[in-house]
Each structure stands twice: as C-alpha cells, then as structure tokens.
Amino acid sequence: MKAMNVNHLHPTGAANPTSPGMDTNLVNSRYQWPDTPVEWARTIREAPYRSYLYSYPHKTAYRSFDTPISLQELWEKEELESYFLYMHIPFCAARCGFCNLFTLPDKRQDVHKEYVDALERQARQWAPIMGGRPFSRFAIGGGTPTLLEAPLVERLFDIAENIMGLDPQRASISVETSPDTVTEDRLEVLKRRGTDRVSMGIQSFVESESAAIYRPQKPKLVREALERLVEYNFPLLNVDLIYGLPGQTVETWLYSLEEALSYSPGEIFLYPLYIRENTILKPGYTGLDLDIRLSLYEVASERLKQAGYVQYSMRRFAKNEDSSSKELLPYSCQEEGMAGLGCGARSYTRDVHYASRYGVSTAATRSIIADYVAAERHDLADYGFILDEDERKRRFILKALLHREGLELCAYAERFGVSLTDDFTGISLLLESGMAVVEEGTLRLTEEGMAYSDAIGDWMISTPVRERMEGYEGA
C-alpha cells in the first residue's frame, strides 16, 4: 500500500502539528495520499478493494482498557430513543476459507446449551443496567445461529423478551441462517416469534466455486433451503453472494445471480472476496489470472437495477417495498446504542465500543469462549476502543456517507458544532473527483463513488486506528 497522509481528514488546523489542542499522533503518519483530486481519484481507482470497513473502529483495533469500566456508569449516560439488541452465536458447521470472523466450527449440542446458559446469565446481569430501554432492532448473528437446535433458538427469543424486555411488535427482528440448517422446526420458531428478516449466506451456486473456498455445499441443498424459506413467507428474505471467487468468471457469476433472483429475495448482498491474515485461504491467492472483482460488481449491479432492485450501499440491493407491518420504533443510522450479548458480540455507546477478546484460529476462539462460559461477572467493559471527538466524527461520517441516505450537512453541524466542509477539508477531494455530490444539503456518493466505497472508507481511517489494525496479530 502507498504511504498515506490523513491530514486533510482531520479538523481544521490538523495539518500543523503545533496547533493548540491537537494530538500529533493524528497528523504524523507514515502513509501518504496524493493531495490533488486527479491524483487522489487515480489512487482510489487503482486499488478499489483496500479493506472492508463494516464497522468503525474495526474490532482488530480494540485493546485492553487500562482500567475496566463499569457498565452501569457507561450506560446511564446514554439518552437515545431506542437501542439495538444483538446476540452472537459463535458456532458454525465449518469455517469458510475466507472467514476471519469470531466463530468456531462446533456442532455439539451440549456445547451450544452451555453457551446459551452463559448468555442468559449475562442477560440477567445486563437487564438492570439497560434499565428498560426500548429496542427497535433485534438481531441474532454468528456464526450460524440456526446451528442450534430449535429449543435453544426458542430460548434466545425468551431471553430477549422475558429478560431484556424486547417488544417483538415494535422491533425489527433479523436472524442469520445457512442452507444446511433451514429445517421446519427451526423456521417454525422464527416465524412464531415474529422474525422479519431471514438472511442466508449462499456465496455461489457453482459447486466448484464453493469447494474452492472450503465451503462444502451442494447447489441442490441451497435450492431446497430457498424453496422452504419462500414457503414460510418471511417479510424479508436476504441472500448473500460473493464475487471474485477462485475460478469464477463473468458467466458463472451471473449464473449464480440469476439463480438467486429466481427466488425473488427482497434483499441481496454482494460481497467482494477478501482474503486476510489467519484465514484458511492465504493472502495473494485468488485462483484468477486477473482481478476481475470490479467488472463482476458492475455487471451485477446493472442486472439488479434491471430487476427492480435499489442500491443502498456498495453491497446492499433491495426491492423498495415496505416489508413489515409492525410499527417500529425509530433508530439512528449511525447505530449507536447497541447492546451485544454473547462472546464475540460488540456493544456500542457514543464514546465506548467494547467486546470480548478477538481471535480467528480454532484454539484462540475456543479459549475465549471457554473463558466467557466460565465467567461469573459480565458487568465490566475491559476490552474495546474509547472514541475521542475525532473518532466520533469519523464514525458519524462513515456510517452515513457509505449508504444511499448520505450525510446531512446540518445533522453534522448540529451534532458537532462545526460545518463538515470546514472541519474535514478532504471532503473536497470527493466532490472535485466526482465521487460525491451535495444535493439538497446532503452529501452523497455518486454511482462511481458507491463502487469505490471500500477504498473511500479506507482513506478515512485515522492513523491511530490503522496502526492498531496493522499491528494486530490475532491467532
């Protein structure tokens, strides 16, 4: 990666390391990005897939706190209208070759029960701390939550409603699943408990492509699972596909996309393949002579638009339909106020992000889960990231700008007491390069800017966060 200078992304005066009140760690960087719009845009276009920024700061930037923080003191300062409740189930049938998530291949039901017992103990300690806060969203992710048998899936909903106080009629509910776990008894639980969105990772309908990423999956099983989900008629069905797989061509990629479209899912996520450290597939291996990910993205996005899907981010395409009959509570697009239950789940307040330790290897993950299951106390945050004002600004910008809704300039000014264009002068590079426009007071990415979202997101990562991420040696 080229050297990068993030001075233009910091508040006015940051380019001068001696400015009053400025932390020189934020402005002295061993990275250097071009300063002119033409050179900057060329750098973005030359390497569109720098890093997948799905959270900020990324969990690999988390570190142990010098002093553990009381969750009671942390949460009593939060004053949002509603919150996000998340449960993490870190088990899956097998680890995919590209996966660096906190997940453990383990099908043993006694292990699953022991874990859910621990999650319930954690919830009972957290419920008084959360103080009856209303939840507008509830998601169960992983891993594969539906690897759990139906009675344990039922218990997760019981914990959410009876202990944490979730009102399923006022909250959007989402659950992740996989083709091999879409059984009638599990789907009966999801349907009865008011699940609005079921998401299934398919990645490819071509068996050789699935095998190349260590995902043993028969297309026949995938089709049967999709047919069953369609029969249950959940308000929103989401499917995930990956482009850039070893051996993939434009033709095989469009084949998988057409197969997915034949089931009329309300939402499709398209993910470029990333191969990171500590995964089964190793960085540098693609099985392709050329990196054709951008071409695959372009043909797929055009096909989805033709099929009536609206693009909401680089990855998310959805039919513009109201899929829920619930009267949902409002929720901030910046996703603050998340309470994450379970080992590996992240929690967000305005100033502090925290979680359990992070690992990728089987040994590290199993050890962290064992510590979680054995823990008696869950009322302290001791590992995470404390956001200063600069990081809060970056998060606010990234969570809005990289989505269709864009960033309302007045919302930024109201929140931080300064205009965005004065505060982050580098925004001019987006505008002058044609990657973004300002329309009716909202900064939005153009169609080209949306295609290069990952590179734009990478450009906005602060030096301290980047140095932490690059220095991480997760097992």
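Throughout, residues of each chain are indexed from 1 in the direction in which the sequence is written. Two thresholds apply to this predicted model, a pLDDT of at least 70 for residue-level local features and 80 or more for giving and counting side-chain atom pairs, whereas whole-chain, interface and lining totals are computed over all residues. The basis for the side-chain values is all heavy atoms of the structure; hydrogens and waters are excluded.

**A closer look at the overall build of the chain**
Then, in step 1: Helix and strand definitions follow DSSP, with helices as H or I runs of at least four residues and strands as E runs of at least two, each counted in order from the N terminus. Across its full length, the chain carries 17 helices and 18 strands.
Then, in step 2: Contact between two residues is taken to exist if any of their heavy atoms lie within 4.5 Å; hydrogens are not considered. Once local pairs closer than 6 in sequence are excluded, the contacts in the chain between residues at least 24 apart make up 79%.
Then, in step 3: Surface exposure here means Shrake-Rupley accessible area, sampled with a 1.4 Å probe, where a residue is shielded only by the protein chains that are shown. Here the chain displays about 20,000 Å² of accessible surface, and carbon together with sulfur accounts for 49% of that area.

**Topic: the pairing of strand β18 (residues 442-445)**
Then, in step 1: The pairing of strand β16 (residues 407-408) with β18 spans two bridges and is antiparallel. The residue bridging E408 from the neighbouring strand is T442, located in β18.
Then, in step 2: A pair of strands is considered paired only if DSSP assigns at least 2 bridges between the two. Both strand β17 (residues 436-439) and β18 contribute to a ladder of four bridges, which runs antiparallel. Each bridged residue has a counterpart across the sheet, and for V437 the counterpart in β18 is R444.
Then, in step 3: If you look at the hairpin formed by β17 and β18, you'll find two residues sitting between the two strands, and E440 has a positive phi there, around 50°.

**Section: the side chain of E120**
Then, in step 1: On the secondary structure map, E120 appears in helix α3 (residues 109-130).
Then, in step 2: Type-normalised accessible area, obtained with a 1.4 Å probe on protein chains alone, sets the label of each residue: buried when under 20%, exposed when over 50%, and partly exposed for intermediate values. Residue E120 is classed as buried on the basis of its relative accessible area, which comes to 19%.
Then, in step 3: Once residues lying within four places of it in the same chain are set aside, the contact partners of E120 are R155, I159 and I163.

**A few points about the confidence of the model for the chain**
Then, in step 1: A score between 0 and 100, pLDDT records how confident the predictor is in each residue. Looking at the chain as a whole, the pLDDT averages 86, with 86% of positions reaching at least 70.
Then, in step 2: Within the model, the stretch residues 1-31 combines pLDDT values under 50 with 69 contacts to residues more than four positions away or in other chains.

**With respect to unusual backbone geometry**
Then, in step 1: With omega at -10°, the peptide bond leading from Y56 into P57 counts as cis.
Then, in step 2: Looking at where P57 falls in the secondary structure, it is placed in the loop between α1 (37-46) and β1 (63-70).
Then, in step 3: Across the junction of G142 and G143, the peptide omega takes the value 20°, indicating a cis bond.
Then, in step 4: Along the chain, G143 falls in the loop between β5 (135-142) and α4 (150-163).
Then, in step 5: Of note in this structure, E440 is not a glycine but carries a positive phi near 50°.
Then, in step 6: If you trace the backbone, E440 turns up in the loop between β17 and β18.
Then, in step 7: For E440, a relative accessible area of 84% translates into the label exposed.

**Points about helix α5 (residues 184-192)**
Then, in step 1: R186, L187, V189 and L190 are the residues of α5 that are buried. The arc that holds every buried residue of α5, seen down its axis, measures 155°, which confines them to one face. Exposed and oriented more than 90 degrees from the buried face of α5 are E184 and R192.
Then, in step 2: The inward-facing, buried residues of α5 abut α4, β6 (172-177), β7 (197-203) and α7 (219-232).
Then, in step 3: At the C-terminal side of α5, G194 shows a positive phi close to 85°. Arc definition: directions from the helix axis to the C-beta atoms.

**A short note on the sheet that holds β16**
Paired through backbone hydrogen bonds, the strands of a sheet run either parallel or antiparallel to each other.
Then, in step 1: Reading across the sheet, the three strands line up as β16-β18-β17 and stay open at both edges, with antiparallel pairing between neighbours. Looking along the sheet, the strands with just one partner apiece sit at the ends: β16 and β17.

**Quick look at the pattern of salt bridges**
Side chains that carry opposite charge are capable of pairing whenever their charged atoms lie near each other.
Then, in step 1: Salt bridges, as used here, are contacts in which a Lys or Arg side-chain nitrogen is within 4 Å of a carboxyl oxygen on Asp or Glu. The tally for this structure, following the rule as stated, stands at 29 salt bridges.
Then, in step 2: A salt bridge links K393 to D423; the nearest nitrogen and oxygen atoms lie 2.7 Å apart. Here D423 lies in helix α13 (residues 420-423) and K393 lies in helix α11 (residues 389-401), a separation of 30 residues in the sequence.
Then, in step 3: Residue classification places K393 among the buried residues on the basis of a relative accessible area of 5%.
Then, in step 4: A relative accessible area of 4% means that D423 is categorised as buried.
Then, in step 5: A salt bridge links E439 to R444; the nearest nitrogen and oxygen atoms lie 3.7 Å apart.
Then, in step 6: E439 sits in the partly exposed class, given a relative accessible area of 41%.

**What about the packing of α3 against α4?**
Helices that pack against each other are described as a pair by the angle of their axes relative to one another and the distance between those axes.
Then, in step 1: Packing of α3 against α4 leaves a shortest axis separation of 10 Å and a crossing angle of 5°. Between α3 and α4, the angle is such that the two are roughly parallel. When α3 is examined against α4, the residues Q109, H112, K113, V116, D117, L119, E120, A123, R124 and A127 are found in contact with a partner set consisting of L152, R155, L156, I159 and I163.
Then, in step 2: When residues are sorted by character, Ala, Val, Leu, Ile, Met, Phe, Trp, Tyr, Cys and Pro go into the nonpolar class, Asp, Glu, Lys and Arg into the charged class, and all the rest, Gly among them, into the polar class. Split by residue class, the contact of α3 with α4 holds eight nonpolar, two polar and five charged. Angles here are taken between N-to-C directions and fall from 0 to 180 degrees, while the axes themselves are lines fitted to C-alpha atoms, restricted in helices to the stretch in contact. Should an angle fall under 35 degrees it is taken as roughly parallel, and over 145 as roughly antiparallel, whereas 65 to 115 is taken as roughly perpendicular and any remaining angle as oblique.

**Considerations on the packing of α11 against helix α12 (residues 409-416)**
Then, in step 1: Where α11 meets α12, the closest approach of the two axes is 11 Å, and the angle between their N-to-C directions is 160°. Here α11 lies roughly antiparallel to α12, going by the angle between them. Here α11 and α12 pass one another in a crossing that is right-handed. Between α11, through E389, R392, K393, F396 and I397, and α12, the contact on the second element is made entirely by A411, Y412, R415 and F416. Crossing handedness is defined as follows: a turn of the near helix away from the far one that is anticlockwise and smaller than a right angle gives a left-handed crossing, while the clockwise case is right-handed.

**Some points on the nonpolar core**
Then, in step 1: One finds L270 and L430 to be the most contacted residues of the largest nonpolar core, which totals 130 residues.
Then, in step 2: It is α3 that contributes the most residues to this core, nine residues altogether.
Then, in step 3: Those residues in contact with L270 that sit more than four places away from it in its chain are L241, Y243, W253, L257, A300, L304, M314, R315 and F317.
Then, in step 4: Listed in part, the five residues of the second largest apolar core include I213, I242, L245 and L273. By convention a nonpolar core is built from buried Ala, Val, Leu, Ile, Met, Phe, Trp, Tyr and Cys residues, the set being connected through side-chain atoms within 4.5 Å.

**Section: the environment of S178**
Then, in step 1: Along the polypeptide, S178 turns up in the loop between β6 and α5.
Then, in step 2: Given a relative accessible area of 8%, S178 falls into the buried group.
Then, in step 3: Spatially, the C-alpha atom of S178 lies 5.2 Å from that of M200, the residues being 22 residues apart in sequence.
Then, in step 4: When neighbours within four sequence positions are excluded, S178 is seen to be in contact with T144, T146 and M200.

**Considerations on the environment of G406**
Then, in step 1: Considering the arrangement of structural elements, one finds G406 in the loop between α11 and β16.
Then, in step 2: Residue class for G406 comes out buried when judged on its relative accessible area of 9%.
Then, in step 3: C-alpha of G406 to C-alpha of A436: the two residues are 30 residues apart in sequence and 9.7 Å apart in space.
Then, in step 4: Ignoring sequence-local partners within four residues, the contact set of G406 consists of A400, T442, L443 and R444.

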